[in-house]
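# Observations on the model geometry
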Amino acid sequence: MSLKPIVGLLGGPLARRLTRSGGRVLMYHRFGTDAAGRRMTATSFEQQLRYLVRHFRVSPLRDVVQALHGGRALDARTVVVTIDDGYEDFREHAYPLLRRFEVPATLFVVTRFVDGDYWLWFDAVHYVLLQTARSRCALPIDGGILQLDLSSMPARQRAWSAIGERCLAMDGAGRETVIQTLQRELQIAIPERPLPAYRGMTWDEIRGLDRELIDIGSHTCTHPVLSRCSAADIAREVGDSRRIIERRLGRPVEAFCYPNGEPADYDERAVLAVKQAGYRCATVAHGGPIVSTADPYRLERIGAAREMVKFRSAVNGVTTLADGWRAWRTATF
Ligand SMILES: [Zn+2]
C-alpha cells in the first residue's frame, strides 16, 4: 500500500505538516510551446500561479535567505519561484502572468547570453542537430566515436541528450571542440547570434522588468559546469558575472545559481567562490523542501512539472513524503 493516495485524499496541509518542511523553492526554465513539448505553456504557468497564490505564501527568495541566515523558522506555506538562464520567452509568456498575480520571482541570468551574441552550449548542440540534413553520424568525441541516429525528431532529441551527457563531463575547451566537430560533421554553421528560439533577453529588457517583483541573480558568465573548471575560471565566472550584472542594472546581486546544478556539477571550490564573491545564497537543481537549518549556499529546488497533478504533489511535499515512505518500508521489510 502506498501512502500517496492517502495523502492525496487528506490534502496538502497534512503532507506539509508531516514533511516538517519550511518551504519550497521552485525551478522553471523555458516557457511557451516547442515541438518537443519541453516548455511550460502560459496556460499551465497561469494554473500553477493561481494554485500557489491560493494555497501558499509566495515569497521573494531574499526573505527565505534572510530567515536562514538569521536562524528563523520558515512558514511551511512558503514557496519561492525561480527561473534559470534568462531566455526571451520568460518576458513574453511568464512575466505578464507574474505581474498579474503579483508573484515575486528570482531570474538567474547568464551574462554573456544576455549580451546577445553568445549561444548557450546546449542550444548550439541542439541547433546543429535539428538543422542537419544527415540522418546519421559517427561523431568523434572524447577519443571515441558516438553513433548518432538522426532519422527522426525523437531520435535527434535523444542524440542531443547523449551529447549533452558527454559535454557535462568536459571542461570548456572540450565542449568547444565537440561543437566545432558537430558543425563540421553535420555541415551546419552556427549563426553568430542565437536565432529567436534560442535567444536571451537583452539588458534593456531586463532593466525594463519591475524590479520590485523580479530580482536578478547570477547564473555565471558562460554557463560552464563549475566542477570541471579551474579555480581561476570559477572565480571569474562567479565574481565577474556579479560585477557585470550590478554595473548593468545598478543594483546589488545577492543570489547565485550553479549551472546544471546537480551534485556533480558544483564542488567545494565553487561554493567557497560564491561566498567569497559576496553572494548571500546559491541554489542547486535537485532536492526537496527547505528546512530552517538548510545551507543558504546549497539551497535545494524542486523542478516545476508541466502536469498540474505532478506539480501539486511536488509543491505539497507528497513526492518527498512518498519517497520517504518507500525508503522506510524498504529498510524495515
Ligand atoms: Zn541554466
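Structure: see above.
Residues numbered from 1 in each chain as written. Predicted model: local features only at pLDDT ≥ 70, side-chain atom pairs only at ≥ 80, totals over all residues.

The end-to-end C-alpha distance of helix 3 (residues 42-55) is 20 Å, a good match for the 20 Å that 14 residues give at a rise of 1.5 Å each. Those residues of helix 3 that fall on the buried side of the exposure criterion are Phe45, Gln48, Leu49 and Leu52. Looking straight down helix 3, one finds that the buried residues subtend no more than 100° of arc, so they occupy a single side. In this structure, helix 3 carries Thr43 and Arg54 as exposed residues pointing more than 90 degrees from its buried face. Those residues of helix 3 hidden inside the fold are in contact with strand 2 (57-58), strand 3 (78-85), helix 5 (88-101) and helix 13 (308-316). (Helix = DSSP H or I, 4+ residues; strand = E, 2+ residues; numbered from the N terminus. Expected span 1.5 Å × (residues − 1). Buried ≥ 20, exposed ≤ 12 C-beta atoms within 10 Å, placed from the backbone. Arc of directions from axis to C-beta. Contact = placed C-beta atoms within 7 Å.)

Attention shifts here to helix 7 (residues 121-131). In terms of residue burial, helix 7 counts as a mostly covered element, since eight of its eleven residues are buried. Looking at helix 7, one finds that the buried residues are Trp121, Asp123, Ala124, Val125, His126, Tyr127, Val128 and Leu129. The secondary structure elements touched by the buried residues of helix 7 are helix 8 (153-168) and helix 9 (172-186).

Among the secondary structure elements, Gln147 is positioned in strand 6 (residues 144-149). Accessibility expressed as a C-beta count within 10 Å gives 10 for Gln147, which makes it exposed. Here the alpha-carbon distance between Gln147 and Cys137, two residues ten residues apart in the chain, equals 6.0 Å.

This next bit is on the packing of helix 3 against helix 5. Put simply, helix 3 and helix 5 touch, their axes get as near as 10 Å, and they point 25° apart. The angle between helix 3 and helix 5 places the two elements in the roughly parallel class. The crossing of helix 3 and helix 5 is right-handed. Along its contact with helix 3, which presents Ala42, Phe45, Glu46, Leu49 and Val53, the element helix 5 presents His93, Ala94, Leu97 and Phe101. (Axes fitted to C-alpha atoms, helices over the stretch in contact; angles between N-to-C directions. Parallel < 35°, antiparallel > 145°, perpendicular 65-115°, else oblique. Left-handed = near helix turned anticlockwise from the far one by under 90°.)

A few words on the pairing of strand 3. Taking burial as the measure, the eight residues of strand 3 include eight buried ones, the bulk of the element. Relative to strand 3, strand 1 (residues 24-28) runs parallel, the two sharing five bridges. Within strand 3, the position partnered with Val25 by the bridge is Val80. In the sheet, strand 2 pairs with strand 3 via two bridges, with the strands oriented parallel. Across the sheet, Arg57 pairs through a bridge with Thr78, a residue of strand 3. Relative to strand 4 (residues 105-109), strand 3 runs parallel, the two being bridged by four bridges. What sits directly across from Thr82, in strand 4, is Thr106. Taken together, strand 3, helix 5 and strand 4 form a β-α-β motif whose crossover is right-handed. (Pairing = 2+ DSSP bridges. Right-handed = clockwise from strand over helix to strand, strands pointing away.)

Take the nonpolar core next. Membership of the largest hydrophobic core comes to 84 residues, with the highest contact counts inside it found for Leu26, Val64, Phe90, Leu107, Val109, Val274 and Ala282. Top element by residues in this core is helix 7. It accounts for six residues. Each of domain 1 (20-116 + 201-316) and domain 2 (121-186) accounts for three or more of the residues forming this core. The residues contacting Val64, other than those within four sequence positions of it, are Gly23, Ser59, Leu74, Thr78, Val80 and Ile290. (Core = buried A, V, L, I, M, F, W, Y, C linked by C-beta atoms within 7 Å. Domains from an automatic or database assignment.)

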